[in-house]
Each structure stands twice: as structure tokens, then as C-alpha cells.
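Results of the structural survey
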Amino acid sequence: QVQLVESGGGLLQAGGSLRLSCAASGRTFSNYAMSWFRQAPGKEREFVAAISWSGDNTYYANSVKGRFTISRDNAKNTVYLQMNSLKPEDTAVYYCASKGLAGLVNVPTQYNYWGQGTQVTVSS
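Okay, so let's go over this structure. Within every chain, residues take consecutive numbers counted from 1 along the sequence as written. The model is predicted, so local features are restricted to residues of pLDDT at least 70 and side-chain atom pairs to those at 80 or more, both for listing and for counting; the totals for chains, interfaces and linings are taken over all residues. The basis for every side-chain value is the complete set of non-hydrogen atoms in the structure, without hydrogens or water.

1. Topic: the pairing of strand β8 (residues 78-83)
Defined as follows: Note on classification: 1.4 Å probe, protein chains only; a residue is buried when its accessible area is under 20% of the maximum for its type, exposed when over 50%, partly exposed between these limits. Starting at the N terminus, helices and strands are each numbered in turn, a helix being any DSSP run of H or I of at least four residues and a strand any DSSP run of E of at least two. At least two bridges found by DSSP between two strands is the condition for calling them paired.
By the criterion of burial, β8 is predominantly enclosed, with 5 of the 6 residues buried. Strand direction decides the pairing type here: strand β3 (residues 18-26) and β8, joined by 6 bridges, are antiparallel. Counted as the bridge partner of Leu20 is Leu81 from β8. The pairing of strand β7 (residues 68-73) with β8 spans 6 bridges and is antiparallel. Following the sheet pairing, Ser71 is matched in β8 by Tyr80. Connecting β7 to the next strand, β8, in antiparallel fashion are 4 residues, including Asn77 with a positive phi near 55 degrees.

2. Quick notes on the side chain of Ser52
To be explicit about the condition: The contact rule is simple, with two residues in contact once any of their heavy atoms fall within 4.5 Å.
Structurally, Ser52 can be placed in strand β5 (residues 46-52). For Ser52, a relative accessible area of 11% corresponds to the buried category. Not counting the four nearest positions on each side in its chain, Ser52 is found in contact with Tyr32, Ala33, Asn57 and Arg72.

3. Description of the nonpolar core
The test is simple: Residue types Ala, Val, Leu, Ile, Met, Phe, Trp, Tyr and Cys, when buried and joined through side-chain atoms within 4.5 Å, form a set referred to as a nonpolar core.
Formed by 33 residues in total, the largest nonpolar core has its most connected members in Leu4, Trp36, Val48, Phe68, Leu81, Met83 and Tyr94. Counting residues per element, this core draws most heavily on β5, at 5 residues.

4. Side note on the environment of Pro88
Locating Pro88 in the fold gives a position in the loop between β8 and β9 (92-99). For Pro88, a relative accessible area of 32% puts it in the partly exposed group. Discounting residues that sit within four places of it in the chain, Pro88 has contacts with Ala14, Val122, Ser123 and Ser124.

Right, here's the structure in full:
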């Protein structure tokens, strides 16, 4: 019912910035929240940030607070993740996800739709 496609990843040096985009199609934004997760090699999928349908409520992992900003433009059916002051430990595949029900926003099993991911690599 919902398709998500991430873009904007790339290779950059520590301290740099990137903006990721997640374009949604199908039953676009008829969901409770949209989120970004990331997964580094050998690690579990990790919550990064979430935003409610209205955009009025946002949530961030402690590791990215003050550096990353999540936003959404419902007219464009797109969610963004602005990433500043990037660190090598931010290197991961970043995934966009959608959940249709209220509940926890930082748990991967709460989400029913996922994009294919976009690679972010931060060098020292």
C-alpha cells in the first residue's frame, strides 16, 4: 500500500552535512509517523528520528540530538533527514519507515513499510 524510496546518501568527511529524502507513494502519509533508522555492519537496526503526520512531534535518538533534524512535506509526500556535524560512527545504511498505528516510534517492529535504504559513509 505504501512504497518508500530513500535518496541523498553519499561519501563525505567528518564534520560535513547531508540531507536524506524519503519519497512515499501509494497511500501516502495516511500513517501515524515516519521515521529514519540506520544499520551499520554487524549491528542491529537503530532508531534515528521520527516525525508525526502533522510534523508537530519529533523524536530523536540521543546519539543524533542536536545534529540531525527530521522534517516532512506532505504536499510533496516526502520526509527529510538533515544531518549535520557527521561523524564516522554515523556510517550506515539509512532506512525510511512508516507506521500506521500509535505506539512506540523507536522500535523497528512497530513499522510496516520500509524503503531499500541509502548508504551514508563518513570518513575520518
